[in-house]
Amino acid sequence: MDIDADGHNDILSGSYSRMSQPMAGLFQVLSGKPDGTFSQAAVLEGTDHEPLIIPATEETIIENICTRPSAVDWDQDGDLDLVVGNFAGSFYTFSGEGQGRFSPKSEQIMTDDGPLKIQGHHSDPFPVDWDQDGDIDLVSGSSEGGVQWAENSASSGEAPALKPFRELIAADPRISYGKPLGEDDLTGPTGSTRVWVDDVNADGKPDLLVGDSVTLTTMGDGLSKEEFEQKQAQWEKDLAKTSEEYNAAAGDQEKLQEYSAKIQKLYAQRAEFIKEDRTGFVWLYLQK
Amino acid sequence: MKVLLSSLVLFGGAAACGAAEFQRPVRLLGGDQPVRVESPGYAAPCLADVDGDGAKDLLVGQFNQGKIMVYKNLGDGKFAAGSWLEAEGAVAEVPGVW
């Protein structure tokens, strides 16, 4: 998308948080250059020359971290606006004033029943006319996996009016923690989904690209399946016992520290019989 | 980490009321290997023509260091092996993602 209307595609990104306090997931732009290359990321600022930030307090910090922006003419006034998601799973807009300039004041997207929110966290807005009725709907991934969409029910020329999110693709069942999971076991995206919509096979119907996050697990070197299962069972038993002791020690700081250290040690021991590989893949759903 | 060459995609065709049926999902490949991101994961895909050849390439953002892998579109649904997106002669990194 050409954010600054200079004739060159730019890359727009959210982020988890700036390093300085207070936390805030700033928006970043890698500006496209005439030679087809990109500039380094620069913080996207509002017309007040301050970073665009979703307003939040210390208590509502999840509203403004882990952001994802999309640029689209949301209010149909001819300028690109920003529709942004966050850790909390809600959505905000920053009104565009043309050529990459945005109002510093954001507005939360509401439904008739309150703030528009996805099921889960990590709202991931992809504005698109999903139901092909001429207006902009929102498609989103979620921390819980799967894909959701919110229908825009506004009439032509009216401001968008979103209905609550509903399921487009069900989240895969939760993978049992600690069980071996290889690439060949995967049949679809797992958790923390991020979506992109496009007509990939040019059949006139929108398709979905879904990124995810998954922890692949394999048995430690030299272990037989039986040995692995024994160690896993013993480890789970030890963890359950120590967790119980930790919970029973509520209020006793000395004991809490002791059991906390034990739990940390158990997790370190786990690495002796199970290997973890945290990664993520990109899945294509072609629409029938 | 999320990366986005943002676009409003308006598709032609009859109204479908949002209902959709999909084929079984397949993992995208870059070259002959599945597209995958570094630990701790969080793949964020995007399709956009970044090399100006008229075909949409695959960009995948990741959490680690806020880097973006680019997979050139080879046509027929195929993508080449990926390479890191560069900016001003260095691997591009989006701050605030680590």
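You'll find the structure just up there.
Notes on the structure follow. None of these values were measured; they are calculated from a predicted model.

All names here are of chain A. Along its 18 residues, helix H2 (residues 253-270) runs 26 Å from first to last C-alpha, staying within 8% of the 26 Å computed at 1.5 Å per residue. Along H2, the residues that are buried comprise Leu-256, Tyr-259, Ile-263, Leu-266 and Arg-270. Along the long axis of H2, the arc covered by the buried residues comes to 80°, so they all point the same way. Opposite the packed face of H2, turned more than 90 degrees from it, sit the exposed residues Gln-253, Glu-254, Gln-257, Gln-264 and Lys-265. Residues of H2 that are buried sit in contact with helix H1 (225-248) and strand E16 (274-285).

Along the polypeptide, Glu244(A) turns up in helix H1. Considered as a pair, Glu244(A) and Tyr259(A) are 15 residues apart in the sequence and their alpha carbons are 9.5 Å apart.

Here we take up the layout of surface pockets. Its volume calculated, the second largest pocket comes out at about 430 Å³. The wall of the second largest pocket is formed by 16 residues, among which Val200(A), Leu284(A), Gly77(B), Lys78(B) and Phe79(B) lie closest to the centre. Tallied by class, residues from the lining of the second largest pocket come to seven nonpolar, three polar and six charged.

Looking now at the sheet that holds strand E6 (residues 91-98) of chain A. Residues and elements named next belong to chain A. Across the sheet, which stays open at both edges, the four strands sit in the order E4-E5-E6-E7 with antiparallel pairing between neighbours. The sheet terminates laterally at strand E4 (68-72) and strand E7 (101-108), the two strands that pair on one side only. Adjacent strand axes in the sheet meet at a mean angle of 25° when their direction is disregarded. In the sheet, strand E5 (residues 81-85) pairs with E6 via four bridges, with the strands oriented antiparallel. When the sheet's bridge partners are listed, Val-84 is paired in E6 with Tyr-92.

Our focus in this paragraph is the sheet that holds strand E8 (residues 68-71) of chain B. Residue and element names in this part refer to chain B. An order of E6-E7-E8-E11 is seen for the four strands of this open sheet, with the pairing classed as antiparallel. Where the open sheet ends on each side, the last strands, each with one partner, are strand E6 (44-48) and strand E11 (83-84). As judged from the four bridges shared by strand E7 (residues 57-61) and E8, these two strands associate in the antiparallel manner. Its bridge partner lying in E8, Leu-58 is registered against Tyr-71.

Our focus in this paragraph is the interface of chain A and chain B. Every contact between the two is made by 72 residues of chain A and, on the other side, 63 residues of chain B. When the buried surface of chain A facing chain B is broken down by residue, Gln40(A), Trp196(A) and Val282(A) rank first, second and third, together holding 13% of it. Put simply, chain A and chain B have five salt bridges between them. Taking the shortest distance from any N to any O, the salt bridge between Arg36(B) and Asp277(A) comes out at 2.6 Å. Taken together, the links from chain A to chain B amount to 20 residue pairs in polar contact (both at pLDDT 80 or more). Looking at the side of chain A that touches chain B residue by residue, the class counts come to 36 nonpolar, 22 polar and 14 charged. With two bridges connecting them, E16(A) and strand E5 (residues 36-37) of chain B associate as antiparallel partners. Within the sheet, the bridge partner assigned to Phe281(A) lies in E5(B) and is Arg36(B).

Looking now at the packing of aromatic side chains. The geometry of an aromatic ring pair is captured by two quantities: the separation of the ring centres and the angle between the planes. Throughout the structure, instances matching the rule amount to nine aromatic pairs over all chains. With 6.3 Å between their ring centres and 25° between their planes, Trp130(A) and Phe22(B) make a pair best called stacked. Placement of the pair is Trp130(A) in the loop between strand E10 (126-128) and strand E11 (137-140) and Phe22(B) in the loop between strand E1 (3-4) and strand E2 (26-27), with the two residues belonging to separate chains. The pair formed by Trp130(A) and Phe22(B) is uniform in burial state, with each residue classed as buried.

On to the packing of H1(A) against H2(A). Residues and elements named next belong to chain A. At a closest axis distance of 9 Å, the pairing of H1 and H2 adopts a crossing angle of 165°. On the basis of their axis angle, the class for H1 and H2 is roughly antiparallel. For the pair H1 and H2, the sense of crossing is left-handed. Contact with H1, carried on its side by Trp-235, Asp-238, Leu-239, Thr-242, Ser-243, Glu-245 and Tyr-246, involves Leu-256, Tyr-259, Ser-260, Lys-262, Ile-263, Leu-266, Tyr-267 and Arg-270 of H2 and no other residues of that element.

Our focus in this paragraph is the pairing of strand E12 (residues 147-150) of chain A. All names here are of chain A. Side chains Val-147 and Trp-149 project from E12 onto one buried face, and the interleaved Gln-148 and Ala-150 project onto a second face that is buried too. With three bridges joining them, E11 and E12 adopt antiparallel strand pairing. Each bridged residue has a counterpart across the sheet, and for Val-139 the counterpart in E12 is Trp-149. Between E11 and E12, which pair antiparallel and follow one another directly, the connecting turn spans six residues, one of which, Gly-145, has a positive phi of 90°. Here three bridges tie E12 to strand E13 (residues 166-169), and the two strands are oriented antiparallel to one another.

This next bit is on the state of the cysteines. If you walk through the whole model with that rule in mind, you get zero disulfides over all chains. The thiol of Cys66(A) is not disulfide-bonded; the next cysteine sulfur, from Cys46(B), is found 18 Å away. Assessed through its relative accessible area of 0%, Cys46(B) is described here as buried.

About the cut-offs
Residues numbered from 1 in each chain as written. Chains lettered and ligands numbered in written order. Predicted model: local features only at pLDDT ≥ 70, side-chain atom pairs only at ≥ 80, totals over all residues. Heavy atoms only, no water. Helix = DSSP H or I, 4+ residues; strand = E, 2+ residues; numbered from the N terminus. Expected span 1.5 Å × (residues − 1). Buried < 20%, exposed > 50% of the residue type's maximum accessible area, 1.4 Å probe, protein only. Arc of directions from axis to C-beta. Contact = heavy atoms within 4.5 Å. 1 Å grid on protein atoms, 1.4 Å probe; cavity = no way out; pocket = protein on both sides within 12 Å on 5 of 7 lines; lining within 4 Å. Points joined across faces, edges and corners; volume = space filled by probe spheres on them. Nonpolar A, V, L, I, M, F, W, Y, C, P; charged D, E, K, R; others polar. Pairing = 2+ DSSP bridges. Axes fitted to C-alpha atoms, helices over the stretch in contact; angles between N-to-C directions. Buried area = accessible area lost by both parts, 1.4 Å probe. Salt bridge = Lys/Arg side-chain N within 4 Å of Asp/Glu carboxyl O. Polar contact = N/O pair within 3.5 Å; in protein donor to acceptor, adjacent residues only side chain to side chain. Phe/Tyr/Trp six-rings, centres within 6.5 Å; stacked < 30°, edge-to-face > 60°. Parallel < 35°, antiparallel > 145°, perpendicular 65-115°, else oblique. Left-handed = near helix turned anticlockwise from the far one by under 90°. Disulfide = S-S within 2.5 Å.

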